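Each chain, letter by letter, is given below.
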Amino acid sequence: MSNYVFVIDPDKQPCNPVHPAKAQLLLNQKKAAVFRRYPFTIILNEKQKDVEANPLTLKIDLGSQTTGIAILNGENVVWGAELAHRGQQIKSDLESRRAIRRNRRNRKTRYRPARFLNRKREKGWLAPSLQHRVDTTLTWIKKLIRYCPVTNIVQELVRFDLQKMENPEISGIEYQQGELQGYEVREYLLEKWNRQCAYCGAKNIPLQIEHIHPKSKGGTNRISNLCITCEPCNLAKGTQDIKDFLSGKPSILKRVLSQAKSPLKDAAAVNSTRWALLNALKSIGLPISTGSGGQTKFNRTRLNLPKTHWIDAACVGTIESLRIITKQPLLIKATGHGCRQMCRTDKFGFPSRYVPRLKFIKGFQTGDIVKAIVTSGKKIGTYVGRVAVRCSGSFNISTPQLIQGIGHKYCRAIHRKDGYSYSF
Ligand SMILES: [Zn+2]
């Protein structure tokens, strides 16, 4: 079954979400109308009387690629979503802009005084690709609160152990006796080595912690001296030196040694974005509680639930049990609002093709989701999908296939472009 449907009253105040069948009934009886397509929201014709709002909990698991969001009514998970970020896209866009500017300044050799190191960064500054994660997640939380009577928020705050996790390899915390418990170290190492054997790449088998420089020869318990291997590899290596063990495979040796030294980048970045989100959430004014990644995983394995981002979100914090009512989370992908580029270049870097100045053609813009009911001509039929506008007024609609040449007069917008794409 799909997500519950959000309901708002004529004053646009959020009411309790309803079962999709109930929403369909309300729509059929003309007691409500569709207010918004994504997330699916209906607006009632008349104000409800004597209906108490359920205390709903919004749970968030902010990740590096994807954020899981779940809405719970008690122990029932009634709504779920996964929000895919576009951090990588932002990073590469900024890098290409930097390259273009550098190139131009080099070509036009006017004198420029040295300007590096004269810029200040505000406290709490995050790289644009990370700030974007916080911003989009916050936007969605605010959006959900508008359509759904949320009374408290639960956020997963730390992925591994403690505040000190920022850089365990430099602060030299040793496992076993340090602040890091065995469980957290294992989780950290699994993440760092991509849950596969460092030496042979085997996956989905029991993995063991292995000392790169053997303990018997003076190797330490520091995290930078540990990796994850399968049992056969661990036994085969025994107390050999890594250089002897991998003497026949120089490329693997090089990779293992460099990967061992580099700390898990993602973990530090994820932690800083989570703190930033927590601070931003305080401005909403709802009670917020936090949980840790270990707790989430404990809940998920105890309840025997699959590992997806939105179910992880539902498992955040202290819970007794969960009933997953919805099976179809809304998949949201951040696509951005397009670029300001005025002109494209050919493969030699010369200006070649102009980007059309007009974004709106006949009231539509590229990215709107439209429904086209074509009643005459070769393309008779009904099409729903993302539209690409053309100046001629003859549009393309991407349903699973691309349908070209649909006249604008057949189109009706069902969801205006808002910087996200949606699927189930
Ligand atoms: Zn192996």
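Going by the structure above, here's the rest.
Residues numbered from 1 in each chain as written. Predicted model: local features only at pLDDT ≥ 70, side-chain atom pairs only at ≥ 80, totals over all residues. Heavy atoms only, no water.

**A look at the packing of helix H2 (residues 87-107) against helix H3 (residues 128-147)**
What counts is decided by this rule: Angles shown run from 0 to 180 degrees and are taken between the N-to-C directions of axes, each axis being a line fitted to C-alpha atoms and, for helices, limited to the stretch in contact. Secondary structure is summarised from DSSP: a helix means a run of H or I of at least four residues, a strand means a run of E of at least two, and numbering begins at the N terminus for each. The sense of a crossing depends on the near helix, which, turned anticlockwise from the far helix by less than a right angle, makes the crossing left-handed and, turned clockwise, makes it right-handed. Here, residues are in contact when the closest pair of their heavy atoms is within 4.5 Å. When residue character is reported, Ala, Val, Leu, Ile, Met, Phe, Trp, Tyr, Cys and Pro are called nonpolar, Asp, Glu, Lys and Arg charged, and the others, Gly included, polar.
It is at 8 Å that the axes of H2 and H3 come closest, and there the two elements cross at 145°. For the pair H2 and H3, the sense of crossing is right-handed. Taken together, the residues of H3 that come into contact with H2 (itself represented by Gly87, Ile90 and Leu94) are Pro128, Ser129 and His132. In the contact of H2 with H3, the residues fall into three nonpolar, three polar and no charged.

**Comments concerning the pattern of salt bridges**
We count it as follows: Whenever Lys or Arg places a side-chain nitrogen within 4 Å of a carboxyl oxygen from Asp or Glu, that contact is recorded as a salt bridge. Only protein chains enter the accessibility calculation, which uses a 1.4 Å probe. A residue is then buried if its area is under 20% of the maximum for its type, exposed if over 50%, and partly exposed in between.
Evaluation of the coordinates by the stated rule reveals 11 salt bridges. As a salt-bridge pair, Asp61 and Arg274 come within 3.0 Å of each other at their nearest N and O atoms. With Asp61 in strand E5 (residues 56-61) and Arg274 in helix H9 (residues 265-281), this residue pair connects regions lying 213 residues apart in the sequence. For Asp61, a relative accessible area of 7% translates into the label buried. The partner of Lys307 in a salt bridge is Asp312, with the nearest N and O atoms 3.0 Å apart.

**Thoughts on the sheet that holds strand E20 (residues 394-398)**
Threshold: One requirement defines pairing of two strands: DSSP has to find at least two bridges between them.
The sheet built from five strands is open, its strands ordered E21-E20-E19-E18-E22 with antiparallel pairing. Because the sheet does not close on itself, it has two edges, and the strands there are strand E21 (402-407) and strand E22 (411-415). The sheet shows a mean angle of 45° between the axes of neighbouring strands, direction not considered. Sheet topology note: the strand E18 (residues 369-374)/strand E19 (residues 381-388) ladder contains six bridges and is antiparallel.

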